[in-house]
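# Observations on the model geometry
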Amino acid sequence: MIKQAVIMAGGLGSRFGNRTHAMPKGFIEIDGTAMVERSVRKLIAAGVEEIIIGTGHCSEYYDELAKKYPCIKTVRNDNYENTSSMGTLEVCAPFVRDSFFLLESDLLYDSIGLFVLDNDMRKNLILASGKTNSDDEVYLETDSSGVLCNVTKDKVSVKNLAGELVGISKITKSFLDKMVAFYERTRAENAKIDYETVFCRVAKEEPVFVRRIEYYAWTEIDDEAMLERAEKLIYPRIKENESLRDIRREVLLNPGPSTTTDSVKYAQVVADICPRELEFGNLMEEVSIGLTEVCADTKNYVTVMFGCSGTGADEAMISSCVPPEGKLLVVDNGSYGERLAKIAKIYNIDTDVFKSSTYEPIDLEALEKQMQSKKYTTFAVVYHETTTGLLNPLDKICPMAKKYGMTTLCDIVSAYGGMPIDLDKLDIDFATSTSNKHIGGMAGIGFVVCRFSELMKQKEWPMRNYYFNLYDQYQYFKKTKQTRFTPPVQTFYALRQAIIETKNETVEKRFERFSECWKIFVAGLKEIGLKMLVKEENQSRFITAVLFPENPKFSFNGLHDYARSFGFTIYPGKLGNIDTFRIANMGDIKPEEMRRFVVVLRDYMHSIGVC
Ligand SMILES: *Cc1c(COP(=O)(O)O)cnc(C)c1O
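Residues numbered from 1 in each chain as written. Predicted model: local features only at pLDDT ≥ 70, side-chain atom pairs only at ≥ 80, totals over all residues. Heavy atoms only, no water.

### Observations concerning the pairing of strand β22 (residues 430-434)
Among the 5 residues that make up β22, 5 are buried, leaving the element largely enclosed by the rest of the structure. Here β22 shows two buried faces, one formed by Phe 430, Thr 432 and Thr 434 and the other by Ala 431 and Ser 433. With 3 bridges connecting them, strand β21 (residues 407-411) and β22 associate as parallel partners. In the sheet register, Leu 409 faces β22, and the bridge partner there is Phe 430. The sheet contact formed by β22 and strand β23 (residues 445-451) spans 5 bridges and is antiparallel. Bridge assignment links Thr 434 to a residue of β23, and that residue is Gly 446. (Buried < 20%, exposed > 50% of the residue type's maximum accessible area, 1.4 Å probe, protein only. Helix = DSSP H or I, 4+ residues; strand = E, 2+ residues; numbered from the N terminus. Pairing = 2+ DSSP bridges.)

Structure below.
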């Protein structure tokens, strides 16, 4: 798995004349997007966590791009005018940790190239294509064992043609170190040497192979003629090829599992691996750290993961975090609070339930009275009651529980990753969530983010549970980098990708996106004349519970089937005797999709005479 990429973008792009006088070549747009930005998106979608861009000419453009994509790190080659791609690669080298993708900045390419390189067993690989007729071909020659031995523009000199250089490679760190060492030795004679020429020299010490895709759709863009060819010929081919791999879009407006990106779906398609391999242990460790970082500081918190749904994580938390003779207080103002209490009772935990309205805010004074009335050791509450869309004010409730000496357990399943959360600030000791809600991964991993000092207290406690024992799961993983039982392997790869995408969008921007979707939906409801269960000011914006219209022709199934035929899935929600349907803003939902859904909803309501 390739986690880093280096883009060499120091060059002047002088063959473009005026156009690139005050702008790097990579910023030339095709179909409204700069070439280099399109490349960055493809790298992120391919699972790359960090993109190092070696800059020079007009480096400020790249620094600006780095603000938009947190995964970008720019490194300036101050001597770009007197060096070439190898000079730029040299300044990037100290930041490379492991095998990486190396790319030129002025490339337009089909993303399948990254997939092909990543899936090839060979460590050092240059991507090549068949004949392009681009008029600027660089030919690659290999020896009898397939190792690169010549890079040249002179086709006549090539005896064993391996293909045309694309400008995308997969390289090990040790190979890069050798390239840099070679450059240092020979700089005095040729400071302007190209990286591909250095490839060829170093291939004598460590083999580089050529991977050819005969009909690969790609082009570099060096001048106006190439740009025109790219726009008319190559870009449409790339677009078509990539669209053939699009997965049918279903917008899930149900409260989880949520809509995922295609890149998260594809991240599951990986080579088989035994989960006891260190490589997979490292992946799980990184995922665990990534999950913590979404809502807490890794200095005080750790994330313990299980193969299960979100309820499994709740069960692990409730059954592990109440001390042997402890007493638990649970807030129940919806199905999920009720579920926490039910779990506690099944484990014979001494439990009191504080019941509160499912659609009105909690009476904090009454809750505090309840907290005072007995010596509770532990407190449990749901952050976002997904039943109704009610958001409980944990910033007030948890500090109150702390005041009475309780450990705080929170189900933050449907808030996590959707809004900025800081567990320490909220006084939360344990928090649960799952891989398939806002974070946007596949169903199958439930996890508990734990305050480390609180988790350690469980070391001496007798086990009340087995599969779901939090401390045991933590301890075993810490010692072995393995889970005690088989983890959902492919789901972990998808979750890794979902974390990368969450970090690049940022949780703040994600909350803005969900808010925008929610506003579009609420405005639509008002126009249609439908009513919501919870007052706007108490809503999370992640779920909107809508009351059934009082119309004899309305049927939930009718609406469900109608919406489904347009690619939208909705969900019912019954609260006592109040009938609602629920619309979620979760995962990869886009404002334009919510706009389309509002039209579908209006058309249905119109057809039965509601509006
Ligand atoms: C979705 C959800 C859960 C977990 O549900 P599963 O179906 O077990 O994944 C738990 N709590 C809340 C608040 C939820 O929204």
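### So, helix α2 (residues 60-68)
Listed as buried for α2 are Tyr 62, Leu 65 and Ala 66. Buried residues along α2 cover an arc of 105 degrees about the axis, so they all sit on one side. (Arc of directions from axis to C-beta.)

### Thoughts on unusual backbone geometry
If a residue is not glycine, its phi is most likely negative; likewise, a peptide bond is most likely trans. Gly 256 connects to Pro 257 through a cis peptide bond whose omega is -5 degrees. Inspection of the secondary structure puts Pro 257 in the loop between β14 (251-252) and α8 (262-267). Positive phi is not limited to glycine here, since Cys 58 has a value of about 50 degrees. By the secondary structure assignment, Cys 58 is in the loop between β4 (50-55) and α2.

### What about a nonpolar patch on the surface?
Nonpolar side chains collect at one region of the surface, where Ile 247, Tyr 266 and Val 269 lie side by side and expose about 250 Å² of accessible area between them. Within the fold, Ile 247 resides in the loop between α7 (224-243) and β14. (Patch = residues over 30% accessible without salt bridge, like charges linked within 9 Å, V, L, I, M, F, W, Y side chains within 5 Å. Areas by Shrake-Rupley, 256 points an atom, 1.4 Å probe, with all protein chains shown as cover. Salt bridge = Lys/Arg side-chain N within 4 Å of Asp/Glu carboxyl O.)

### Structural notes on the domain arrangement of the protein
The parts lose accessible area when they come together, and the size of an interface is often stated as this lost area. What the domain assignment lists for the protein is domain 1 (4-243), domain 2 (263-501) and domain 3 (507-607). Placing the centre of domain 1 and that of domain 3 at their C-alpha centroids yields a distance of 46 Å. (Domains from an automatic or database assignment.)

### Observations concerning the environment of Glu 550
Along the chain, Glu 550 falls in the loop between β24 (543-547) and α18 (556-564). When the C-alpha atoms of Glu 550 and Leu 530 are compared, they prove to be 9.6 Å apart, with 20 residues separating the residues in sequence.

### Points about the site of the ligand
Around the ligand lies a shell of 13 residues, among which Ser 309, Thr 311, Thr 386, Asp 411 and Lys 437 are the nearest. In the model, an oxygen atom of the ligand is placed 2.5 Å from a nitrogen or oxygen of the Thr 311 side chain. One of the side-chain nitrogen or oxygen atoms of Asp 411 is found 2.6 Å away from a nitrogen atom of the ligand. Taken by itself the ligand offers 380 Å² of open surface, and the protein chains cover 86% of this. At 3 residues, the largest contribution of residues to the shell around the ligand is made by helix α10 (residues 310-321). Residues of the shell around the ligand, tallied by class, amount to 3 nonpolar, 6 polar and 4 charged. (Near = heavy atom within 4 Å. Polar contact = N/O pair within 3.5 Å; in protein donor to acceptor, adjacent residues only side chain to side chain. Nonpolar A, V, L, I, M, F, W, Y, C, P; charged D, E, K, R; others polar.)

### What to know about the side chain of Thr 261
Note that Thr 261 resides in the loop between β14 and α8. Within the structure, Thr 261 has its side chain in polar contact with the side chain of Ser 263 (distance 3.2 Å). Of the polar contacts made by the side chain of Thr 261, one reaches the side chain of Glu 501; its length is 2.8 Å. Every residue in contact with Thr 261, bar those within four places of it in the chain, is listed here: Glu 501 and Asp 588. (Contact = heavy atoms within 4.5 Å.)

### Some remarks on the sheet that holds β23
Taking strand neighbours across the sheet as the criterion, the 7 strands line up as β15-β23-β22-β21-β18-β16-β17 in an open arrangement whose pairing is mixed. Both edges of this open sheet fall to β15 (301-307) and β17 (350-355), since each of them pairs with a single strand only. Each neighbouring strand pair of the sheet contributes to a mean axis angle of 20 degrees, computed without reference to strand direction. Sheet analysis places strand β16 (residues 327-332) next to β17, joined by 6 bridges and oriented parallel. The residue bridging Lys 327 from the neighbouring strand is Asp 350, located in β17. (Axes fitted to C-alpha atoms, helices over the stretch in contact; angles between N-to-C directions.)

### Describing the packing of aromatic side chains
The full count for this structure, using the stated rule, is 25 aromatic pairs. With 5.8 Å between their ring centres and 50 degrees between their planes, Phe 280 and Tyr 493 make a pair best called tilted. Of this pair, Phe 280 sits in helix α9 (residues 278-293) while Tyr 493 sits in helix α16 (residues 489-505); the two residues are 213 residues apart in sequence, bridging distant segments of the chain. Residue classification places Phe 280 among the buried positions, given a relative accessible area of 0%. (Phe/Tyr/Trp six-rings, centres within 6.5 Å; stacked < 30°, edge-to-face > 60°.)

### Quick look at the pattern of salt bridges
This structure, assessed with the given rule, holds 48 salt bridges. A salt bridge links Arg 249 to Glu 593; the nearest nitrogen and oxygen atoms lie 2.8 Å apart. A residue pair is termed long-range when its members are at least 10 positions apart, and Arg 249 in the loop between α7 and β14 and Glu 593 in helix α19 (residues 591-607) qualify at 344 residues. When the shortest N-O distance is used, the salt bridge between Asp 332 and Lys 355 registers 3.1 Å. Within this pair, whereas Asp 332 is found in strand β16, its partner Lys 355 is found in strand β17, the two being separated by 23 residues in sequence. Within this structure, Arg 15, Lys 25, Asp 106, Asp 136, Lys 153, Asp 222 and Asp 223 form a network of salt bridges that share partners.

### Structural notes on the packing of helix α5 (residues 173-186) against helix α6 (residues 195-202)
Between α5 and α6, the shortest axis-to-axis distance is 10 Å and the interhelical angle comes to 105 degrees. In terms of orientation, α5 and α6 fall into the roughly perpendicular class. Across the interface between the two elements, Phe 175, Lys 178, Met 179 and Phe 182 of α5 pack against Tyr 195, Val 198, Phe 199, Arg 201 and Val 202 of α6. Residue classes in the contact of α5 with α6 are distributed as 7 nonpolar, no polar and 2 charged. (Parallel < 35°, antiparallel > 145°, perpendicular 65-115°, else oblique.)

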